[in-house]
Amino acid sequence: KSEVHAAIKNLDKGLYPNAFCKILPDHVTGDEDYCNIMHADTAGTKTSLAYVYWKETGDVNVWKGILQDSIVMNLDDLGAVGAFNNIVLSSTIGRNKSIITGDVISAIINGTKEFCDKLAEYGITIPLAGGETADVGDIVRTIDVGYTAFVRMKKEDLIINDIKPGNVIVGLASYGQATYEDEYNSGIGSNGLTSGRHDVMSKYVGETYPDSYNPLIPEEVVYTGPHKPKDIDEETGLPIGKLLLSPTRTFLPVLKPIIEKYKSDISGIIHATGGAHTKVLHFCDNVNIIKDNMLPVPPIFRIIQKASGTDWKEMFQVFNMGTRFEFYVNESVAQGIIDIAKEFNIDAQIIGKVEAADDATVTLNSDYGNFVYNK
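Computed from a predicted model, the values in this text were never measured in an experiment.

Some words on the overall build of the protein
From N to C terminus, the protein includes eleven helices and twelve strands. For a compact globule of 375 residues, the expected C-alpha radius of gyration is about 21 Å, and the protein comes in at 20 Å, within 12% of that figure. Counting only C-alpha atoms, the protein reaches 55 × 50 × 40 Å along its principal axes. Buried residues in the protein amount to 54% of all 375 residues. Of the contacts formed within the protein by residues at least 6 apart in sequence, a portion of 82% connects residues at least 24 apart.

Written as structure tokens, this is what we have:
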């Protein structure tokens, strides 16, 4: 996203430049005690792999995972500033009608309600505001699924990143099966899927489903991996295509009780999406973020690394590698946060600490090497 970052570098960063999301004054009523936050995101190129898996298996339910990917990329970014309730959602779906059928659209739209109904069981209200579904086959090869989220909240309820020496880092796992999930989650999330699918999936995919990739991409980098979508991963017993398509886990059911109990002890929350374990560098200064007790790297990332030969240092810059949510907190509350996560069957532990430094740096010590990333 270097070109995007260059394009937006001079734009206003909102009321709190170090906040995880851009925060605006309350333009709804003009109340100075409130703020507005609007966020937009899509499932990215993961939709192309969903198209392939759907065609291979006939399983239309795979599209419910895609809508969750897009929704969660909004909700959990908002969660990182303390917003976890009364978030209004609107969808924007562009499809190639000649290959994406009505039952796919139905699965996405009905699945959206099902997902929001599930969150309601945990006291999280997500009103649906409708949206736009357009047939745009001239510009979309398969389908693009996006959502926009809006929330109005009190400024006093915000969590603004103020990451500081003395904080410890509590990491929450992206993998496993949370109490609110129906099956095992590989932890893949929604980042790095362009590389992930082309490096893991074989030429068979491109030859069988040419609509699943851009024909302008050089052939030597198109589906260069060893696997077909239905190949079984021996470690998990699941199809590799399904592991790549695991829906992005939302942490809102966990985030809500953590914030309600420990808000005053939280110095920052990072949703480790684009940039993965270097994401935090956008939101801190003069600290060394030391990650030296990482959660295990789950099978899907080892599959990607083996198939692609990607350097491990880059893997931790692109993929969450099993840890997708980070709390920067006073050490006294770390165990309480871990205990709440485990009530939802989500692995969590102190993965590191924060020390003073001249510049913002991430020092990551893992089973796969020791790496340093600079701002």
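Some details on empty space enclosed by the protein
For the coordinates displayed, the defined rule picks out one cavity of 30 Å³ or more. In this structure, the largest cavity spans a volume of roughly 40 Å³. If you go around the largest cavity, the residues you meet are Ile188, Gly189, Ser190, Asn191, Ala272, Thr273, Val318, Phe319, Asn320 and Arg324.

Quick word on helix α3 (residues 62-79)
Under the 1.5 Å per step criterion, the end-to-end length of α3 is 25 Å for 18 residues, consistent within 8% with the ideal 26 Å. Of all 18 residues that make up α3, 17 are buried, and the element is covered over most of its length.

Quick word on the side chain of Ser174
Position of Ser174 among the secondary structure elements: in the loop between β6 (168-173) and α5 (193-200). Ser174 sits in the buried class, given a relative accessible area of 1%. Within the structure, the side chain of Ser174 is placed 3.3 Å from the backbone oxygen of Gly187, a separation counted as a polar contact. Polar side-chain contacts of Ser174 include one of 2.8 Å to the side chain of Asn320.

Focus on the packing of helix α2 (residues 46-57) against α3
Running from N to C, α2 and α3 cross one another at 170°; their axes reach a closest spacing of 9 Å. When the axis of α2 is compared with that of α3, the two are roughly antiparallel. Residues Lys46, Thr47, Ala50, Tyr51, Tyr53 and Trp54 of α2 lie in contact with α3, whose contacting residues are Val62, Trp63, Ile66 and Asp69. Its residues placed into classes, the contact of α2 with α3 shows seven nonpolar, one polar and two charged.

Considerations on the nonpolar core
One finds Trp63, Leu172, Ile289, Phe327 and Ile346 to be the most contacted residues of the largest nonpolar core, which totals 117 residues. Ranked by residue count, the leading element in this core is α3, at eight residues. Filtering out sequence-adjacent residues up to four positions away, Phe327 remains in contact with Val168, Ile169, Val170, Leu172, Leu255, Ile258, Ile266, Gly268, Ile269 and Ile337.

Notes on the sheet that holds strand β1 (residues 24-25)
Spatial strand order, β1-β2-β5-β3-β4: five strands in an open sheet with mixed pairing. Unpaired on one side and paired on the other, β1 and β4 (128-135) mark the two borders of the sheet. Lying on the sheet, α3 is in contact with β2 (34-42), β3 (88-95) and β5 (143-154); it crosses β5 at an angle near 30°.

The rules we used
- Residues numbered from 1 in each chain as written.
- Predicted model: local features only at pLDDT ≥ 70, side-chain atom pairs only at ≥ 80, totals over all residues.
- Heavy atoms only, no water.
- Helix = DSSP H or I, 4+ residues; strand = E, 2+ residues; numbered from the N terminus.
- Rg over C-alpha atoms; globule rule 2.2 N^0.38 Å.
- Buried < 20%, exposed > 50% of the residue type's maximum accessible area, 1.4 Å probe, protein only.
- Contact = heavy atoms within 4.5 Å.
- 1 Å grid on protein atoms, 1.4 Å probe; cavity = no way out; pocket = protein on both sides within 12 Å on 5 of 7 lines; lining within 4 Å.
- Points joined across faces, edges and corners; volume = space filled by probe spheres on them.
- Expected span 1.5 Å × (residues − 1).
- Polar contact = N/O pair within 3.5 Å; in protein donor to acceptor, adjacent residues only side chain to side chain.
- Axes fitted to C-alpha atoms, helices over the stretch in contact; angles between N-to-C directions.
- Parallel < 35°, antiparallel > 145°, perpendicular 65-115°, else oblique.
- Nonpolar A, V, L, I, M, F, W, Y, C, P; charged D, E, K, R; others polar.
- Core = buried A, V, L, I, M, F, W, Y, C linked by side-chain atoms within 4.5 Å.
- Pairing = 2+ DSSP bridges.

Don't take any of this as a statement about function, it's just geometry.
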